[in-house]
Protein chains: 2
Amino acid sequence: MRPQIRVRAATAAFITILAGGVLLESSVPAAMAQQEGRRRRAAADARPVELTPDQVAQLNRVANERKLNVDDLLAAAKTFMPSGRHDEYVLFSSGGQSGQVFAIGVPSMRLLRSIAVFTPESWQGYGFAGDDDPVLKQLDINGKPVLWGDTHHPALSETAGDYDGQFLFIGDKANARVAVIDLRDWETKQIVKNPLTISDHGAAFVTPNTEYVIEGGQYATVLGYGYAPPEEYKKLYRGMVTMWKFDRSKGRIDESASFALELPPYWQDLADAGKGASDGFFFINSFNVEMAVGGVEKGNPPFEAGASKRDMDYLHIVDWKKAEAAFKAGKAKKINGFPVLMIETLIADGILYFAPEPKSPHGVDVSPNGQYMVVAGKLDPHVTVYSIDRIKRAIAERKYSGTDDYGVPILDFDAVKEAQVELGLGPLHTQFDNKGYAYTSLFLDSAVARWTLGGEYAALNAEKPWTLVAKTPVQYNIGHLCAAEGDTVSPDGNYLISMSKWSVDRFLPTGPLLPQNFQLLDIGAPGTAMPVLFDMPIGVGEPHYCQMIKADKLKTWLVYPEIGWNPHTQKLDPRAPKKGEEGVTRDGNNVLVKMTAIRSHFFPEHVEVNEGDRVTWRIVAMETTQDATHGFCIGGYNINLSLEPGEFIEFTFTADRAGTYPFYCTEFCSALHLEMMGYFHVKPKAAAAAPAAEEPVASRK
Amino acid sequence: MRPQIRVRAATAAFITILAGGVLLESSVPAAMAQQEGRRRRAAADARPVELTPDQVAQLNRVANERKLNVDDLLAAAKTFMPSGRHDEYVLFSSGGQSGQVFAIGVPSMRLLRSIAVFTPESWQGYGFAGDDDPVLKQLDINGKPVLWGDTHHPALSETAGDYDGQFLFIGDKANARVAVIDLRDWETKQIVKNPLTISDHGAAFVTPNTEYVIEGGQYATVLGYGYAPPEEYKKLYRGMVTMWKFDRSKGRIDESASFALELPPYWQDLADAGKGASDGFFFINSFNVEMAVGGVEKGNPPFEAGASKRDMDYLHIVDWKKAEAAFKAGKAKKINGFPVLMIETLIADGILYFAPEPKSPHGVDVSPNGQYMVVAGKLDPHVTVYSIDRIKRAIAERKYSGTDDYGVPILDFDAVKEAQVELGLGPLHTQFDNKGYAYTSLFLDSAVARWTLGGEYAALNAEKPWTLVAKTPVQYNIGHLCAAEGDTVSPDGNYLISMSKWSVDRFLPTGPLLPQNFQLLDIGAPGTAMPVLFDMPIGVGEPHYCQMIKADKLKTWLVYPEIGWNPHTQKLDPRAPKKGEEGVTRDGNNVLVKMTAIRSHFFPEHVEVNEGDRVTWRIVAMETTQDATHGFCIGGYNINLSLEPGEFIEFTFTADRAGTYPFYCTEFCSALHLEMMGYFHVKPKAAAAAPAAEEPVASRK
């Protein structure tokens, strides 16, 4: 009775029945379309565009329908990417309290991918590989899981002060952790917990050859997770900065070669490494040198007032090469098992100096040649520029205006100051271009200011040095900004991102919680024009800082190098099952599952265990085609993996819930993706085949 | 010695010292800029655009620099949104195995926001509110946390078959759960676990007035979390579909008024509710009517082959009004405590019929008038169209071609079939427009097909009914597609999204794990032209299906209605501390913290407890300004909240780790955001002020 329709021919056209009875989709139509598309596109790109009157009329019509003006059309043309065209830059942005990193293409401002770092993320299978998941283990703090982070400052690895595209580091302000991401596979490889403190802020940034990943603290506390009431603030609370040694060959921080510097209990804030003229130094801002302890509940001024009373805070100038020498000479003491150079040593060895900086500063940013440190005091309408030549001279000549309460020498402000430039209200952060301009975010003005550097940069543009040139309004309340390679030794000077913290009315409302607004500015032309080209809502976290790298510096793997690759070790894993080795074996209550995954089936398709068994499951993706990713989940068991081409994963769990559980491929892999499944049977302890129903489970026929 | 610089005037210009000593940022500059921007924009929009030769030359220059052709310029102009201009549509997309929902603006294809659903997400503070977090409690399955989901099919609430913009429902395929999202504040309010099965697929979809939220199963299993080996498949495994009763006034599913239908152990797949002519019915596809049990490890054909052997599967036709009547008449039995109408009842009461459908179908989609059900058999080059008139007649006239193994009547294929239209390889899903066209995704062709409907739709366009009109190639492997309001009673017919599952070479590579590709097609013009306008990478999950709603149907709250609002109850919470009630009180080992948060301080700023205390912390955001969101975290304690304007949150935890922990605002709220902090002091049990260091903690002076 089953009506036959003519489907067999078509079926045969796109599936191939292999010897083993395996159906595989042929990718011929897609591949052909892909080639043909590229050919047509390349031919089109070779022809110069000269809009005909008819085409201009079409554009006019669309512009009128959509109420676009000519600036809109130009902005659209400057940011639009035709299908398949790749962006010029990748913006690696922190995800703030999402705990992740976001990668965004520039100039199209399209979110390319999030990278899971401090927060488990199931699409990537990050933290969903059973009880012994190495991700979850790394996220433990003092033996308890802390499953989120407040990512603040991403730092691309550098060679000679320029991004080299190999690694990305990022700090977790909330819990004082630093993560290492490998940019071959864009996965988090390591998370280190700071053993001294609970919050960081000037993290991460790197020395010019990535010798160290620096993690500066934020809120002073009792180092080593100690306790002290606020009355003991000056005596027992401390700041710190940690120098994590990076082993580039291993792609890991070497905790055993790392150390920290004790700092006074000011709230250390942003930081930057010297380079060129200032190589060997790094610089950290601070605020609350008042050492206010708040206590609004006791009638004290709140922190916001108490910490903003003085006109000057302290720029921390650290000679990290001397610090390294002191550490290697055994001068560190141990706190919570971690070596720390105490303040006395920093003073005695000439490692730490202060320079006055106005007032409650936020950013300190080093110019591309390393000569200038630009400090933006958020309650001061100026940026203050220091020069490393002046700093070195003041140190050599001991031009101090005194010491702080802890004995740290304070360099004379006029001796180290190169310039002050009035920009507007609420200056925060500064980046640079290739035309002698600096760009500073103005939080309260909601604007980006362009201004001129002096010294060797004066020759690069027509304007007077150390002068405000232009302001572009942004929407609204800009925090950080980021120019293309704008904090390296060779900025590119074409694109700039305004990381506007509030979007208010810019986008459709998304509930009381709104996205941030990344605005793309065109800074290619000198002078006063630097228009906003694009508003990008960021509704997946609250980014804090980002860095923009030329895309061609990234040497991303398209698939894993070999089948059976373990991304945790970045090596072929000898435990990875090979074709023919699949199966289920038992040793007492321990069951070992060896599984392979290939379009469109798992092998084996049934795994039977007993309730209470400890299950070790090894699975390898046999694919070698780019984008042929499989997922693997066991329903009800909190397990989901992302099996990228070639990837091997082992996970372990206890089969503590009896029942018959489907497992299936969670990543759409082929036309027969839904059929890529199997059953995990957990036989109940009590009876053999007793269903859990209270009444007859199903009608029988 | 502190050098004075002139900052006082500027400081006074933007901070106001209130009586209480509280510093508040003035928002005057931003608000003025906002108004001025709107004024300029409105004036510009009123002027018609007529590009001058000079402006055309500028466009030509940019086009040549960036190698854009005229189609690119048109696509750019059709998708670009000037700063502050709002998108016309919101696309609510499932996030696949990310467990979340994504909201995307159309036509700009900008990700506006993710909404946390099945996976804890720290930016939104979702699942990070201590031990008793109501989110985490809802995510438990049989007493254990399952902290992710595989979100598949979002369903907007409907009134008379049209989106009403009030609620969004979504299913979790991996764990058979359904979530309810309130579109006033865009937050997940409820998660219900299906008590019968472990995986779902046809979930969620709604009846035309959202009387029920339907959850269809996927992989057959032993209902009620039972166990049975594969040998007992036909006897003990079953499919199911659950009808969750929705209480619109409460905004919640009423589990006590919900019930399920037992189905044969075919793998039920996608589903759609009837409307108009077919109101009162819903339709579910199925595959694996072969009841293949796989077992490639035993030399059996794998599921992908075994489940694809037959030429016909069964379209399930369910009369849900009759099912409701049977349930109300007490005809359900209980499985795992949940009422289920067994197959006998479905047959006896005329609730369930089958119609043959070719072959391993994926989508069943009901035309806007409810007359036609379009089935796409993924291994068949045709779509098959059924009509409800024919189905009703065949039922009335008992035109059966037999029954299946479980006794369900199978309607005669020729009696119910309206048309078959040959489209190409791998048809999956169909949506509709306002011009009499249907659009079907072709997975293996990597194309979107436009074809004509018949009946009353034939008059709406110039082409012959039931005929392929055009195909647009997409990149690559399209799964679902989505037209503007394209599955409602009144589709809009302007935009269509191709949810292309593989992106391969379309974007910069992002490691072995690549984004999906949402491609925007312009379907506004009739006939053969329906160009791709935009490629949007989706690198935050693997979306499965989406729905596109006119933005003006959403009545989103900009802030919570009152200060002290509890989003879990959507009511003012009497527990919310009021100004003046702040403080810390103790009852034995239980400590109660009452806290307020307002730019830029918490009140109180110090909270002192003893190690081991049980802490209940109530915090309310006193803000009433849109976008004035605060965060609140306690470092090291796995706690982070998103305190949106007016929001009240209570969280509870044990202070089990001694130390002095900063808490701070995690959402950039003002120029003095960094100063919005305090300390949580956990006094150690052993000694009063003993720091945890092994050696002297800090140098003393």
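First, a word on scope: everything that follows refers to the structure included in this document. (Residues numbered from 1 in each chain as written. Chains lettered and ligands numbered in written order. Predicted model: local features only at pLDDT ≥ 70, side-chain atom pairs only at ≥ 80, totals over all residues. Heavy atoms only, no water.)

### A word on the overall build of chain A
Helix and strand counts for chain A stand at eleven helices and 48 strands. Computed over the C-alpha atoms, the radius of gyration of chain A is 29 Å, within 12% of the 27 Å expected from 2.2 N^0.38 for a compact globule of 701 residues. Taken over the C-alpha atoms alone, chain A extends approximately 95 × 75 × 50 Å along its principal axes. Buried positions account for 70% of the 701 residues belonging to chain A. (Helix = DSSP H or I, 4+ residues; strand = E, 2+ residues; numbered from the N terminus. Rg over C-alpha atoms; globule rule 2.2 N^0.38 Å. Buried < 20%, exposed > 50% of the residue type's maximum accessible area, 1.4 Å probe, protein only.)

### Topic: unusual backbone geometry
At the junction of A:Val106 and A:Pro107, the peptide bond is cis and its omega measures out at 15° in the coordinates. Tracing the sequence through the fold places A:Pro107 in the loop between strand S4 (101-106) and strand S5 (110-115). With an omega of 0°, the peptide bond running from A:Arg599 to A:Ser600 counts as cis. If you trace the backbone, A:Ser600 turns up in the loop between strand S40 (590-598) and strand S41 (601-603). Non-glycine residue B:Met291 carries a positive phi angle of around 55°. Positive phi, normally seen in glycine, also occurs at B:Gln570, with a value near 55°. Considering the arrangement of structural elements, one finds B:Gln570 in the loop between strand S37 (565-566) and strand S38 (571-572).

### Digging into the relation of the copies chain A and chain B
By a simple turn and slide, chain A fits onto chain B: the slide is 0.0 Å along the axis, the RMSD is 0.0 Å, and the turn is 180°. These values place the two chain copies in the arrangement generated by a two-fold rotation axis. For chain A, the smallest separation between a C-alpha atom and the rotation axis is recorded for A:Ala76, amounting to 2.7 Å. Here 100% of the interface residues in chain A have copies in chain B that are interface residues too; the copies meet face to matching face. (Least-squares fit on C-alpha atoms with pLDDT ≥ 70 in both. Contact = heavy atoms within 4.5 Å.)

### Structural notes on the sheet that holds strand S34 (residues 516-522) of chain A
Residues and elements named next belong to chain A. Strand order in the open sheet made by the four strands is S32-S33-S34-S35, with antiparallel pairing throughout. Edge strands, defined here as strands with exactly one partner in the open sheet, are strand S32 (478-483) and strand S35 (532-538). The sheet shows a mean angle of 20° between the axes of neighbouring strands, direction not considered. In the sheet, strand S33 (residues 495-500) pairs with S34 via six bridges, with the strands oriented antiparallel. Counted as the bridge partner of Leu-496 is Leu-521 from S34. Relative to S35, helix H4 (residues 70-79) is tilted by about 65°, and along the sheet it contacts S34 and S35. (Pairing = 2+ DSSP bridges. Axes fitted to C-alpha atoms, helices over the stretch in contact; angles between N-to-C directions.)

### Observations concerning the packing of helix H3 (residues 53-65) of chain A against helix H4 (residues 70-79) of chain B
Packing of H3(A) against H4(B) leaves a shortest axis separation of 9 Å and a crossing angle of 10°. The angle between H3(A) and H4(B) falls in the class roughly parallel. Listed contacts from H4(B) to A:Gln55, A:Gln58, A:Leu59 and A:Val62 of H3(A) are B:Val70, B:Leu73, B:Leu74, B:Ala77 and B:Lys78. (Parallel < 35°, antiparallel > 145°, perpendicular 65-115°, else oblique.)

### Digging into the sheet that holds strand S22 (residues 361-366) of chain B
Residue and element names in this part refer to chain B. The strand order across the open sheet built from four strands is S22-S23-S24-S27, with neighbouring strands paired in antiparallel fashion. In the strand order of this sheet, the two ends are held by S22 and strand S27 (417-422), each with one partner. Mean inter-strand twist for the sheet, computed between neighbouring axes without regard to direction, equals 20°. Across five bridges, strand S23 (residues 372-377) lies against strand S24 (residues 382-387) in antiparallel orientation. Its bridge partner lying in S24, Val-375 is registered against Thr-384. Against the sheet, helix H10 (residues 388-396) touches S23, S24 and S27, its axis set at about 60° to S24.

### Quick word on the interface of chain A and chain B
Tallying the contact residues gives 255 residues for chain A and 254 residues for chain B. With both chains or domains summed, chain A and chain B bury close to 22,300 Å², and 61% of this area falls on carbon and sulfur atoms. Between A:Lys378 and B:Glu675 there is a salt bridge whose closest N-O contact spans 3.0 Å. Where chain A packs against chain B, one counts 94 residue pairs in polar contact (both at pLDDT 80 or more). It is H4(A) that provides the largest number of residues to the side of chain A that touches chain B, a total of nine residues. (Buried area = accessible area lost by both parts, 1.4 Å probe. Salt bridge = Lys/Arg side-chain N within 4 Å of Asp/Glu carboxyl O. Polar contact = N/O pair within 3.5 Å; in protein donor to acceptor, adjacent residues only side chain to side chain.)

### A look at the side chain of A:Glu290
Residue and element names in this part refer to chain A. Checked against the element boundaries, Glu-290 lands in the loop between strand S17 (281-287) and helix H7 (303-306). Despite its burial, Glu-290 pairs with no opposite charge; the closest candidate is Arg-310, at 5.4 Å N-O. Polar side-chain contacts of Glu-290 include one of 3.0 Å to the backbone nitrogen of Lys-309. Here Glu-290 is in contact with Gly-306, Ala-307, Ser-308, Lys-309, Arg-310 and Asp-313, once residues within four sequence places are set aside. (Lys, Arg positive; Asp, Glu negative; His and termini not counted.)

### With respect to the packing of H4(A) against H4(B)
Between H4(A) and H4(B), whose axes approach to 9 Å, the crossing angle comes to 115°. Considering how the two elements wind past one another, H4(A) and H4(B) form a crossing that is right-handed. On the side of H4(A), the interface is formed by A:Leu73, A:Ala76 and A:Ala77, while H4(B) contributes B:Leu73, B:Ala76 and B:Ala77. (Left-handed = near helix turned anticlockwise from the far one by under 90°.)

### Here we look at the side chain of B:Asp150
Mapped onto the secondary structure, B:Asp150 falls in the loop between strand S7 (144-145) and strand S8 (151-159). Despite its burial, B:Asp150 pairs with no opposite charge; the closest candidate is B:Lys173, at 5.7 Å N-O. A polar atom in the side chain of B:Asp150 sits 2.7 Å from the side chain of A:Tyr664. Filtering out sequence-adjacent residues up to four positions away, B:Asp150 remains in contact with A:Tyr664, A:Thr666, B:Gly96, B:Gln97, B:Gly171, B:Asp172, B:Lys173 and B:Ala174.

### Thoughts on the pairing of strand S10 (residues 177-182) of chain B
When a strand is regular, its side chains alternate between the sheet's two faces. Residue and element names in this part refer to chain B. Within S10, six of the six residues are buried, leaving the element largely enclosed by the surrounding structure. As defined by bridge partners, strand S9 (residues 162-172) adjoins S10 across six bridges and the pair is classed as antiparallel. Of the residues in S10, the one forming a bridge with Gly-171 is Val-178. Counting the residues that bridge the hairpin from S9 to S10 gives four residues, and of these Ala-176 lies at a positive phi of roughly 55°. Examined bridge by bridge, S10 and strand S11 (residues 187-193) share six bridges and lie antiparallel to one another.

### Quick notes on the environment of A:Lys193
Residue and element names in this part refer to chain A. Along the chain, Lys-193 turns up in strand S11 (residues 187-193). Between the C-alpha atoms of Lys-193 and Gln-138, which are 55 residues apart in sequence, the distance is 8.7 Å. The residues contacting Lys-193, other than those within four sequence positions of it, are Ile-141, Asn-175, Ala-176, Arg-177, Tyr-225 and Trp-244. There is a polar contact of 3.2 Å between the side chain of Lys-193 and the backbone oxygen of Ala-176. Only 3.0 Å separates the side chain of Lys-193 from the backbone oxygen of Thr-197, close enough to count as a polar contact.

### Comments concerning helix H8 (residues 320-328) of chain A
All names here are of chain A. Among all positions in H8, only Trp-320, Ala-323, Glu-324, Ala-326 and Phe-327 are buried. Looking straight down H8, one finds its buried side chains confined to an arc of 160°; they lie on one side. Along its buried surface, H8 packs onto strand S13 (212-217), strand S14 (239-247), strand S15 (252-263), S17, strand S18 (312-319) and strand S20 (338-341). Phi for Gly-330, located one or two positions after H8, is positive at around 80°. (Arc of directions from axis to C-beta.)

### Examining the packing of aromatic side chains
All chains considered together, the criterion is met by 90 aromatic pairs over all chains. Considering the side-chain rings of B:Tyr212 and B:Trp320, the 5.6 Å spacing of their centres and the 70° angle between planes classify their relative orientation as edge-to-face. With a gap of 108 residues between them, B:Tyr212 in strand S13 (residues 212-217) and B:Trp320 in helix H8 (residues 320-328) connect regions that are remote in the sequence. Consider the rings of B:Tyr386 and B:Phe413, whose centres lie 6.3 Å apart with planes at 75°: the pair is edge-to-face. Here B:Phe413 lies in helix H11 (residues 413-416) and B:Tyr386 lies in strand S24, a separation of 27 residues in the sequence. Both residues of the pair, B:Tyr386 and B:Phe413, belong to the buried class. Ring-pair connections join several aromatic residues into one group, and the members of that group are A:Tyr225, B:Phe602, B:Trp617, B:Phe632, B:Tyr637, B:Phe651, B:Phe653, B:Tyr661, B:Phe663 and B:Phe680. Over the ring of B:Tyr664 we find A:Lys173, and its NZ or CZ is 4.3 Å from the ring centre. When the ring centre of A:Tyr637 is taken as reference, the NZ or CZ atom of A:Arg657 above it lies at 5.0 Å. (Phe/Tyr/Trp six-rings, centres within 6.5 Å; stacked < 30°, edge-to-face > 60°. Lys NZ or Arg CZ within 6 Å of the ring centre and 35° of its normal.)

### Let's talk about H4(A)
Side chains three or four residues apart in an α-helix point the same way, a direct result of the helix having 3.6 residues per turn. Of all ten residues that make up H4(A), eight are buried, and the element is covered over most of its length. The opening residue of H4(A), the one whose side-chain oxygen lies 3.0 Å from the backbone nitrogen of A:Asp71, is A:Asn69.

### Quick word on the pattern of salt bridges
Considering all chains together, one arrives at 65 salt bridges over all chains under this definition. Here B:Lys189 makes a salt bridge to B:Asp185, at a shortest N to O gap of 2.8 Å. Side by side, B:Lys189 and B:Asp185 carry an identical accessibility label, which is buried. Overlapping salt bridges, with partners in common, bring together A:Asp131, A:Asp132, A:Lys137 and A:Arg614 in one network.

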